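Here's the letter readout for the chains.
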Amino acid sequence: MAVAPPMLRVLEREAIVFRKLWRGSAFSSFVTPVMFLAAIGLGLGGLVERRTGHVAGVGYLAFVAPGLLAASAMQTAAGSSLWPVMAGTKWIRTYHAVVATPLSAADLYGGTVLWVGVRATAAASAFLAVAVLLGGVPSPWGILAVPAATLGALAFAAPLAAYAATQDTDLTFPVIMRLGIVPLFLFSGTFFPISQLPSWLRPVSVASPLWHAIELCRQATTGTPRWAAATGHTAVLIACVAAGWRWGTRTFARRLTP
Amino acid sequence: MCAPPLVQGRALTKRFGTYIAVDQIDFKVERGEAFGFLGPNGAGKTSTMRMIGCVSPVSGGELSVLGMDPALQGPAIRSRLGVVPQEDNLDTELTVWDNMAIYGRYFGLPRSVIRERAQELLDFVQLGDRRQDRVDPLSGGMKRRLTIARALVNQPELLLLDEPTTGLDPQARHLVWERLYQLKLQGVTLVLTTHYMDEAEQLCDRLVIMDRARIVAEGSPRELIQLHSTREVVELRFATAEERRDALPLLNGSGERVEMLPDRILVYTGDGDGTAELVARDGLRPASVLVRRSTLEDVFLILTGRTLED
Ligand SMILES: Nc1ncnc2c1ncn2[C@@H]1O[C@H](COP(=O)(O)OP(=O)(O)O)[C@@H](O)[C@H]1O
Ligand SMILES: [Mg+2]
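Residues numbered from 1 in each chain as written. Chains lettered and ligands numbered in written order. Predicted model: local features only at pLDDT ≥ 70, side-chain atom pairs only at ≥ 80, totals over all residues. Heavy atoms only, no water.

### Topic: the overall build of chain B
What chain B contains, in helices and strands, is eleven helices and 13 strands. Dimensions of chain B, computed from the C-alpha atoms along their principal axes, are close to 75 × 45 × 40 Å. Taking all 310 residues of chain B together, the buried fraction comes to 55%. A sequence separation of at least 24 residues applies to 68% of the contacts in chain B between residues at least 6 apart. Of note, chain B has its 38 positive side-chain charges centred 5 Å away from the centre of its 45 negative side-chain charges. (Helix = DSSP H or I, 4+ residues; strand = E, 2+ residues; numbered from the N terminus. Buried < 20%, exposed > 50% of the residue type's maximum accessible area, 1.4 Å probe, protein only. Contact = heavy atoms within 4.5 Å. Lys, Arg positive; Asp, Glu negative; His and termini not counted. Charge placed at Lys NZ, Arg CZ, Asp CG, Glu CD.)

Given below as structure tokens:
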């Protein structure tokens, strides 16, 4: 019998906590996309289409749905990598109990990031289902937007969880959300193609992991795969996860086993 | 041939940057005994316990735990340890039962095994009827007992307890002591730290006294008292600081040793009542005179010139 990697035991704990909260979470996983897609995709989209016709070759709803999908995965990932890590290291100190068992700080880090991945997969699936029902996903390739959005979420979760373990307080976390996550949400091609941006801002968007995740999701949901570009986007996101992972195994060890 | 020690440190050292928290200490813990690290805050007790618990790398010297090297076999050692840390780290988002269950899973135990043991252990620490309760509202003593039950879920050979009763009221402390004594009878080796001399006297077969990162004495509580202190102590309190100061020169020679504390004077003597009489004959008028037996607190005072509490 294969022995499950120790880091999966960390997921078990998260699943038990989640079991008690899942109703609220499942509800918002469906309601949030309905609100966003209805207001922006249909409401704003109607205006946009009346003025300019299609955006990047598709209706506005079909354009914005993959953007919102990837962006909401990023936001979930950021929120659930920062504060829960602070709770584990400082507030409730549960992480200190974990490293006293056979699990290592690296196992704990890995399990923490993987759990964010599980949550992102579930949220992205719900989002995609709503988008399909509202007519925002023209292609059956759209199903691939779920792994793409999950990879995008991990590209944020891995470095942010690593960073959170270096902090003694959560003072910087709202700043990261406001000055990091929100601008990325607005300027990574979520609502309009980045070609609309002034040329000096475009490199910033291209450097944003969210832009790569959105491009992947958009190719999937609109059924316009461009394989070379998709490979590049995937590679960038994997590089973000790998770099974050390397950093996180160190920051967790330094914090928990000094 | 005798069995190898369960834990052994040789010139064991812990540095944080340039700060030396544990300075070349030597000690041995034998299987089945209750071994203590007694010392004031900042002495280096927690740092030592964390190295034994394989959650803090050794900076110098040697350490073996269960015959293994923490640097190479950390997970294997930790799978056979129980740890009760100084600061509670129970999972307050979970119930009492789920705390046990999850902790058991961290050790890779099958769920059926955990179910059986968890109930037994919760009964052992008298929390059997609180299994579905949330952890947060439990009292300090209950949380401590739950932490102990949780630490036993993997049936450890060695239980590490860092200040097991600090912050508990006397009744809760006695209950914890009694449970720990039961564990010792069952053959579990206990290693504990404390800054309470009564806890060390109650629980420890053998202990080391730590001060400022070093070990200053080692032995059983009785040996330490015999070796370093006198049989009895006369405690003299005076109404004012002046009276206390004026009394000091008159007390020289009244016992084997005289120590002045901020609130009283201690006279170390083989015969407490005799010394007390002598003091009265010398015309001193202390506000109160107390004759008592020497404790580990006295050993610490004699060895370091300070009390355990400051
Ligand atoms: N992670 C750490 N980084 C820096 N200094 C530390 C760390 N942990 C403990 N110390 C220092 O080491 C000394 C000994 O601490 P500790 O082992 O906790 O003593 P005790 O448990 O006997 O009170 C203290 O001065 C403490 O500030
Ligand atoms: Mg301590």
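Having seen it, we continue.
### Side note on the nonpolar core
Ranked by size, the top nonpolar core spans 155 residues in total, and within it Phe 27 and Leu 159 of chain B carry the most contacts. Broken down by element, this core gets its largest block of residues, 17 residues, from helix 3 (residues 60–91) of chain A. Counting nine residues, the second-largest nonpolar core is a separate cluster that includes Val 234, Ala 247, Leu 251 and Val 267 of chain B. (Core = buried A, V, L, I, M, F, W, Y, C linked by side-chain atoms within 4.5 Å.)

### Structural notes on the interface of chain A and chain B
On the chain B side, the residues contacting the 23 residues of chain A number 28 residues. Of the roughly 2200 Å² buried between chain A and chain B on both sides combined, carbon and sulfur atoms contribute 55%. Looking at the side of chain A facing chain B, the largest losses of area belong to Arg 13, Pro 102 and Pro 258 of chain A, adding up to 24% of the total buried there. On inspection of chain A and its partner chain B, the count reaches six salt bridges. (Buried area = accessible area lost by both parts, 1.4 Å probe. Salt bridge = Lys/Arg side-chain N within 4 Å of Asp/Glu carboxyl O.)

### Quick look at the pairing of strand 11 (residues 257–260) of chain B
Residue and element names in this part refer to chain B. As paired elements, strand 11 and strand 12 (residues 265–269) share four bridges and run antiparallel to each other. What sits directly across from Arg 257, in strand 12, is Tyr 268. The turn linking strand 11 back onto strand 12 is made up of four residues. (Pairing = 2+ DSSP bridges.)

### Concerning the side chain of Glu 215 of chain A
Residues and elements named next belong to chain A. Of note, Glu 215 is situated in helix 9 (residues 209–221). Residue Glu 215 is classed as buried on the basis of its relative accessible area of 16%. Beyond its immediate stretch of four places on either side in the chain, Glu 215 contacts Arg 226 and His 233.

### Considering the environment of Thr 172 of chain A
All names here are of chain A. Its place among the elements puts Thr 172 in the loop between helix 6 (145–164) and helix 7 (173–187). Owing to a relative accessible area of 28%, Thr 172 belongs among the partly exposed residues under this scheme. It is 39 Å that separates the C-alpha atoms of Thr 172 and Gly 46, two residues lying 126 residues apart in sequence. Each residue touching Thr 172, except ones within four places of it in the same chain, is listed here: Tyr 163 and Gln 167.

### Focus on the site of ligand 1
Residues and elements named next belong to chain B. Close contacts around ligand 1 come from Phe 16, Tyr 19, Ala 21, Pro 40, Asn 41, Gly 42, Ala 43, Gly 44, Lys 45, Thr 46 and Ser 47, and that covers them all. In the model, an oxygen atom of ligand 1 is placed 3.1 Å from a nitrogen or oxygen of the Ala 43 main chain. Between an oxygen atom of ligand 1 and a side-chain N or O atom of Thr 46, the distance comes to 2.7 Å. In isolation ligand 1 offers 560 Å² of accessible surface; the protein chains occlude 63% of this area. (Near = heavy atom within 4 Å. Polar contact = N/O pair within 3.5 Å; in protein donor to acceptor, adjacent residues only side chain to side chain. Areas by Shrake-Rupley, 256 points an atom, 1.4 Å probe, with all protein chains shown as cover.)

### A word on a nonpolar patch on the surface
Residue and element names in this part refer to chain A. Taken together, the side chains of Trp 141, Ile 143, Leu 144 and Trp 227 make up a nonpolar region of the molecular surface, amounting to roughly 470 Å² of accessible area. By the element assignment, Leu 144 lies in the loop between helix 5 (105–133) and helix 6. For Leu 144, a relative accessible area of 41% corresponds to the partly exposed category. (Patch = residues over 30% accessible without salt bridge, like charges linked within 9 Å, V, L, I, M, F, W, Y side chains within 5 Å.)

### What about the coordination of the magnesium ion (ligand 2)?
Taken together, Thr 46 of chain B (OG1) and Gln 86 of chain B (OE1) make up the full set of protein donors to the magnesium ion (ligand 2), lying 2.0 to 2.2 Å away. Of this pair, Thr 46 of chain B sits in helix 1 (residues 45–52) while Gln 86 of chain B sits in the loop between strand 5 (81–84) and helix 3 (96–106), and the two are 40 residues apart along the sequence. (Donors = N, O, S within 2.8 Å, 3.2 Å for Na, K, Ca; no water.)

### Focus on the state of the cysteines
Residues and elements named next belong to chain A. A complete count under the given rule lists zero disulfides over all chains for this structure. Left unpaired, Cys 217 is separated from the closest cysteine sulfur, that of Cys 240, by 15 Å. Note on Cys 217: relative accessible area 0%, which makes it buried. (Disulfide = S-S within 2.5 Å.)

### With respect to the domain arrangement of chain B
Domains assigned within chain B are domain 1 (7–225) and domain 2 (230–293). Inter-centroid distance (C-alpha atoms) of domain 1 of chain B to domain 2 of chain B is 39 Å. (Domains from an automatic or database assignment.)

### What to know about the packing of helix 5 of chain A against helix 6 of chain A
All names here are of chain A. The geometry of helix 5 relative to helix 6 is characterised by a closest axis approach of 8 Å and an angle of 145° between their N-to-C directions. Between helix 5 and helix 6 the crossing geometry is right-handed. Along its contact with helix 5, which presents Tyr 109, Val 113, Val 116, Gly 117, Ala 120, Thr 121, Ala 124, Ser 125 and Leu 128, the element helix 6 presents Ala 145, Val 146, Ala 149, Thr 150, Ala 153, Leu 154, Ala 157, Ala 158, Pro 159, Ala 161 and Ala 162. Counted by class, the contact of helix 5 with helix 6 contains 16 nonpolar, four polar and no charged residues. (Axes fitted to C-alpha atoms, helices over the stretch in contact; angles between N-to-C directions. Left-handed = near helix turned anticlockwise from the far one by under 90°. Nonpolar A, V, L, I, M, F, W, Y, C, P; charged D, E, K, R; others polar.)

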